[in-house]
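Descriptive structure summary
Residue-level listing of the chains:
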Amino acid sequence: MYFGDISRLTQELVSFLLCLFGCQGSDGELKVEKDGVSDSESKVDSGVPEVPVPADDTPEVLNKALSGLSSRWKNWWVRGILTLAMISFFFFIIYLGPMVLMMIVLCVQIKCFQEIITIGYSVYHSYHLPWFRTLSWYFLLCVNYFFYGETVTDYFFTLVQREEPLRILSKYHRFISFALYLTGFCMFVLSLVKKHYRLQFYMFGWTHVTLLIVVTQSHLIIHNLFEGMIWFIVPISCVICNDIMAYMFGFFFGRTPLIKLSPKKTWEGFIGGFFATIVFGIMLSYVMAGCRYFVCPVEFNNDSNSFQVDCEPPELFQLQDYALPGILESVTGWTTVRLYPFQIHSIALSSFASIVGPFGGFFASGFKRAFKIKDFANTIPGHGGIMDRFDCQYLMATFVNVYIASFIRGPNPSKVIQQLLALRVDQQLHIFNSLKAHLTEKGLLPALEEATA
């Protein structure tokens, strides 16, 4: 019995590693069923326990209204109606402001984590592993405490310095975070059972990879949000647009299969989604770049103890004239065109969302094929679970964060001042004298003194 378990677990590990490093799939529309898996794949995955398939959760009202349609068109209408509902909800939470958006990101993160951990538990629950789910949620708590503590210290600095308990927690934040994680690590070691060592380490790795994929990316989404709501809304909207338009083009014009892992994905949908997303990104950026509410960084106002999004828009969000290439000038008759510089950056964001972003969905589909499941959950009828809708968003969040750090973000004067005010008085005087000497040497200080006289 023991050697049979080891053999089956070895097959499971091979399958999981193949999925982790080489799989690509779809965005939730792929139906992973036994008749869609090749013979060779069936042999490799024959030892993988199957997750119970959830029952059809389409609302009864829609089932009755669409009962006369074929399954293909029924699925199209269900997905379309619920997509419009989700987009409407997205606009509503944007209207509620950045704080609500952060709470929604946290809720989505927790739900995605729960869906992935539930798959692991469903596959391995028969082994009665001690503390698996308890430790998984404990590690989620620890990682969130670390990341959100860093965010609070960074963006709520003056509030933290004003309250003594918060100041102490901020000062020793990383040590506390490490101590919490170390406690969970020791609990895991104490929970090891002799006959399940290997399986328990598999699940330990399962939990940590899930934390890396879900929690880290959601933390980056919140950082993007603090740079300005436009850096949150445009990338997410581009992924949504590409998802919708690729589905539409593929549904009506799709003929050529794109990738074996996702049989319903076509080249026609992929290419059509790319061009539609580029146009959509440029247009959406033009609309949003002219509104301070979207372009200003989200900052905490100490006087009102609330977030504010009011500033003088930087050059990135000010209209500028650009000379057109000769070819376009001969076609349009225009010599220049007025654009926001952010619109040019939106082309890079849209391109990533439509070319590389889908690989997040392919990765998720490969994962689902490895465990012979259709969706991560049945939270949204016609769409699957929350993770099925956000598999591409997490990859996009990392790109946007790296893009901002590499090409956009510069030194933040307000954060520099916050750090200076946290220094001792003698250190502040030393920096003041050094800065004064530097400005005097450059000949800037006399000019400033004459201007203020």
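Residues numbered from 1 in each chain as written. Predicted model: local features only at pLDDT ≥ 70, side-chain atom pairs only at ≥ 80, totals over all residues. Heavy atoms only, no water.

Condition: UniProt positions are given in the numbering used here, feature names are shortened, and annotations may be inferred rather than shown by experiment.
As named in an unreviewed UniProt entry, the chain is Phosphatidate cytidylyltransferase, taken from Dicentrarchus labrax. The UniProt entry for the chain carries the following comment under Sequence similarities (unreviewed entry): "Belongs to the CDS family." If you open the UniProt record of the chain and go to Function (unreviewed entry), you find "Catalyzes the conversion of phosphatidic acid (PA) to CDP-diacylglycerol (CDP-DAG), an essential intermediate in the synthesis of phosphatidylglycerol, cardiolipin and phosphatidylinositol."

**Overview of the state of the cysteines**
Formally: Here, a disulfide means two cysteine sulfur atoms that sit within 2.5 Å of each other. Strands are runs of DSSP state E lasting at least two residues, helices are runs of H or I lasting at least four, and both sets are numbered from the N terminus onward. Any residue under 20% of the maximum accessible area for its type is buried, any over 50% is exposed, and the rest in between are partly exposed; the area is computed with a 1.4 Å probe on protein chains only.
Inspection of every chain in the model, using the stated rule, returns one disulfide. Disulfide pairing places cysteine 296 opposite cysteine 311 at an S-S distance of 2.1 Å. One quick way to see it: the torsion about the S-S bond of cysteine 296 and cysteine 311 is about -95 degrees, and its sign makes the bridge left-handed. Placement of cysteine 296 in the loop between helix H13 (292–295) and strand E3 (299–301) and of cysteine 311 in the loop between strand E4 (306–308) and strand E5 (320–323) is noted, with a sequence separation of 15 residues between them. Taking relative accessible area as the criterion, cysteine 296 reaches 0% and is therefore assigned buried. The structure places no disulfide on cysteine 291, whose sulfur is separated from the nearest cysteine sulfur, that of cysteine 296, by 8.6 Å.

**Considerations on helix H11 (residues 229–253)**
We count it as follows: To estimate the expected span of a helix, subtract one from its residue number and multiply by 1.5 Å.
An ideal rise of 1.5 Å per residue puts 36 Å on 25 residues; H11 measures up with 35 Å between its terminal C-alpha atoms. Counting buried positions over the 25 residues of H11 gives 18, a clear majority of the element.

**Examining the UniProt feature "transmembrane region" (unreviewed entry) in the chain**
Per the UniProt record, "transmembrane region" (unreviewed entry) is annotated on residues 76–108, 129–148, 175–193, 200–222, 228–253, 274–295 and 342–364. What you have in residues 228–253 is 96% helix and 0% strand, and the ends, taken at the C-alpha atoms, are 38 Å apart. When the span residues 342–364 is considered, its composition is 91% helix and 0% strand, and the gap between its end C-alpha atoms is 31 Å.

**Quick notes on a nonpolar patch on the surface**
This is how the line gets drawn: Patches in this entry comprise residues that are over 30% relatively accessible and not in a salt bridge; like charges within 9 Å are linked, as are nonpolar side chains (Val, Leu, Ile, Met, Phe, Trp, Tyr) within 5 Å. With residues, only the protein chains shown are counted as cover, and all accessible areas are computed by Shrake-Rupley using a 1.4 Å probe. Whenever a carboxyl oxygen of Asp or Glu lies within 4 Å of a side-chain nitrogen of Lys or Arg, that contact is scored as a salt bridge.
Together, Leu69, Trp73, Trp77, Ile81, Phe252 and Phe253 make up an exposed nonpolar region whose accessible area comes to about 570 Å². Elements with a minimum of two residues in the nonpolar patch: helix H4 (71–96) and H11. The element contributing the most residues to the nonpolar patch is H4, with three residues. Counting through the fold element by element, isoleucine 81 comes out in helix H4. Accessibility expressed as a relative area gives 36% for isoleucine 81, which makes it partly exposed.

**Notes on the environment of valine 160**
Just so we agree on the cut-off: Whether two residues are in contact is decided by their heavy atoms: any pair within 4.5 Å suffices.
Considering the arrangement of structural elements, one finds valine 160 in helix H7 (residues 157–162). Judged by relative accessible area, which is 3%, valine 160 ranks as buried. Taking the C-alpha atoms as reference points, valine 160 and lysine 171, separated by 11 residues in sequence, lie 9.9 Å from one another. The residues contacting valine 160, other than those within four sequence positions of it, are Val152, Thr153, Leu166, Arg167 and Ser170.

**Thoughts on the environment of valine 295**
Residue placement: valine 295 occurs in helix H13. Residue classification places valine 295 among the buried residues on the basis of a relative accessible area of 2%. Along the backbone, valine 295 and proline 313 are 18 residues apart, and their C-alpha atoms lie at a distance of 6.9 Å. Excluding residues that lie within four positions of it along the chain, valine 295 makes contacts with Glu227, Gly228, Ile230, Met288, Ala289, Pro313 and Phe317.

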